[in-house]
Structure formats: structure tokens, C-alpha cells
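Notes for the structure review
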Amino acid sequence: DVKVTQSSRYLVKRTGEKVFLECVQDMDHENMFWYRQDPGLGLRLIYFSYDVKMKEKGDIPEGYSVSREKKERFSLILESASTNQTSMYLCASSLLGLAAADTQYFGPGTRLTVL
Amino acid sequence: AQTVTQSQPEMSVQEAETVTLSCTYDTSESNYYLFWYKQPPSRQMILVIRQEAYKQQNATENRFSVNFQKAAKSFSLKISDSQLGDTAMYFCAFSRNDYKLSFGAGTTVTVRA
């Protein structure tokens, strides 16, 4: 079974703090994703990575950056957290490359609250 | 951007009965993929079922089946013989045959004992 893990289930941070969300997958998947999930909006893609050190912006990248130094690990960084970044953050991975609608495997999510 | 619409925010069903979740999408593509994902309370989201647009036959997975109407751009999910473990939020998603998924807003399904 594919396992996608996220470093924290719940996180509370202060406005202006730098926040790191970590995601690890154990199945040698090429692709990794960061989404945020908000009520009534579904899941929206923040960033996508298709290889080590390779990344592409998703639909809502503003205020976020990412890092993928190793294939199994994908980090989401909030450079200066703001209250409007309070949300559930989901990491996902998929096996195939750019041009394939492959099944995505999700982590348990991190519920981030910014005060 | 592709638009995926789930018009039912919440649904409730008695155990052992059938419930149908609606999903419509907007695209000009001829080949694409559609998905239903399930997110149980406090648990990880998992794939329920997947449909390729060029396949006319509706996908089924045990008690889960879809009604794919390509001309109407409709992709509904039927859950038969509902079980308490089916209680979850269900997301419809669309892909143009690349890595990107566009999700609907989700439908919360509650199965009553």
C-alpha cells in the first residue's frame, strides 16, 4: 500500500511566522502535490512537483513556496503566515509523469490555524 | 480552467438503501478522466472510482457505480446497499489526461443506522 505521511495533524502558528509543512511518500512516486481544502471550495492546487528540484505553480501559489530536495519528500513553506492561510492542507502523490491522469494518493492532512 | 459542480452539499441515507450523488463538469476536451474520491471523517482521502471518457461503459467498483453521460457532461455516483462506513465527504474530480485534477466542492454523505 502507498503511504503518504504528513508531519503534523494540527498546527497553530502566529501571523508572520515561517511555517513548514512536510510530506513524505514511500512508493517512489514521480509526482507530488500540495492542496488546500476549504469548505465550499473543494481542493485547490497550490504547487506540484514532477521530479526532484522541479516544481510548477498550481492555481493558488501566492504566499507559498515549495521544496523537493529528495524524491520522497515535498515541503510546503509559508514564508510569512497570514490568517487567510488558515486551512486544511493535503499532500498527495502519484506514480506517473506529467502527461497521465494517474490516481493520486493522499496524506491525512494538516489543519493549520494562523492566529 | 475546468469547472466541476457538485450541487448537493449534504445528503442523508438510511443504511442498506441507495443514494446518488450528482456531478457536472464543463470542458471542451474530447478525451479526459473523471474520478470520485472519498474522504471519511478524520481519515485519508481515497479513490472510489475512475472513468475514462472514451469508454462508453460505466465504471463499477463493488457497491459503487457511476452513470456517465458524456453529452450532458454529467458523472453521478451511486452507492448501493449503503453502509455506516460510507459516511464521508465525496469529491468529484476531472482531469484532461495530465497530472492536474480539478475538484468539485464536495458532498457530505451521512448514512443513518
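Scroll up a little and you will see the structure.
We now turn to the structure provided with this report. Each chain carries its own residue numbering, running from 1 in the direction its sequence is written. Lettering of chains starts at A and numbering of ligands starts at 1, both following the order in which they are written. Whole-chain, interface and lining totals are the exception, using all residues; otherwise, since this is a predicted model, local features are given only for residues with pLDDT of at least 70 and side-chain atom pairs are given and counted only at 80 or more. For side-chain calculations, the full set of non-hydrogen atoms in the structure is used, while hydrogens and water are omitted.

Residue and element names in this part refer to chain A. With antiparallel pairing, the four strands of this open sheet are ordered in space as β1-β3-β8-β7. Both outer strands of the open sheet, β1 (4-6) and β7 (64-70), are each paired with one neighbouring strand and no more. Across the sheet, the mean angle from the axis of one strand to that of its neighbour is 20 degrees, orientation sign disregarded. At least two bridges found by DSSP between two strands is the condition for calling them paired. Secondary structure elements follow DSSP: runs of H or I of four or more residues count as helices, runs of E of two or more count as strands, with numbering from the N terminus. Note: strand β3 (residues 19-25) against strand β8 (residues 73-78), six bridges, orientation antiparallel. The partner of Cys 23 across the bridge, within β8, is Phe 74. An axis is simply a line fitted to the C-alpha atoms; with a helix, the fit covers only the stretch in contact. Between two such axes, the angle follows the N-to-C directions and lies from 0 to 180 degrees.

This part takes up the state of the cysteines. All names here are of chain B. In this description, the term disulfide denotes a pair of cysteine sulfurs within 2.5 Å. Taken as a whole and assessed by the stated rule, the structure comprises two disulfides over all chains. What pairs with Cys 23 in a disulfide is Cys 92, and their sulfur atoms sit 2.0 Å apart. Negative torsions about the S-S bond denote left-handed disulfides, and the value of about -70 degrees found for Cys 23 with Cys 92 makes this one left-handed. Of this pair, Cys 23 sits in the loop between β3 (19-21) and β4 (24-26) while Cys 92 is found in strand β10 (residues 88-95), placing the two residues 69 residues apart along the sequence. For the residue pair Cys 23 and Cys 92, the accessibility class agrees, reading buried in each case. Note on classification: 1.4 Å probe, protein chains only; a residue is buried when its accessible area is under 20% of the maximum for its type, exposed when over 50%, partly exposed between these limits.

Next up on the list: the interface of chain A and chain B. Whether two residues touch is decided by their heavy atoms; if any such pair falls within 4.5 Å, the residues are in contact. Between chain A and chain B, the contact holds 26 residues from the first and 20 residues from the second. Two parts placed together each lose some accessible area; with a 1.4 Å probe, that loss summed over both constitutes the buried area. Overall, the association of chain A and chain B removes approximately 1,800 Å² of surface from exposure, summing both partners, and the carbon and sulfur fraction of that is 52%. The three residues of chain A that bury the most area against chain B are A:Leu43, A:Ala101 and A:Phe106, which together make up 30% of that side's buried surface. Salt bridges are identified by distance alone: a Lys or Arg side-chain nitrogen within 4 Å of an Asp or Glu carboxyl oxygen. For the pair chain A and chain B, the interface holds one salt bridge. Between A:Asp59 and B:Lys100 there is a salt bridge, with the nearest N and O atoms lying 2.5 Å from each other. Identification of polar contacts relies on pairs of N or O atoms within 3.5 Å, with a donor-acceptor requirement for protein atoms, meaning one able to donate a hydrogen and the other able to accept it, and with residues adjacent in sequence counted only if both atoms are side-chain atoms. At the boundary of chain A with chain B, the tally comes to eight residue pairs in polar contact (both at pLDDT 80 or more). Basically, the charged four are Asp, Glu, Lys and Arg, the nonpolar ten are Ala, Val, Leu, Ile, Met, Phe, Trp, Tyr, Cys and Pro, and anything else, Gly included, counts as polar. Of the residues in the side of chain A that touches chain B, the class split is 14 nonpolar, eight polar and four charged.

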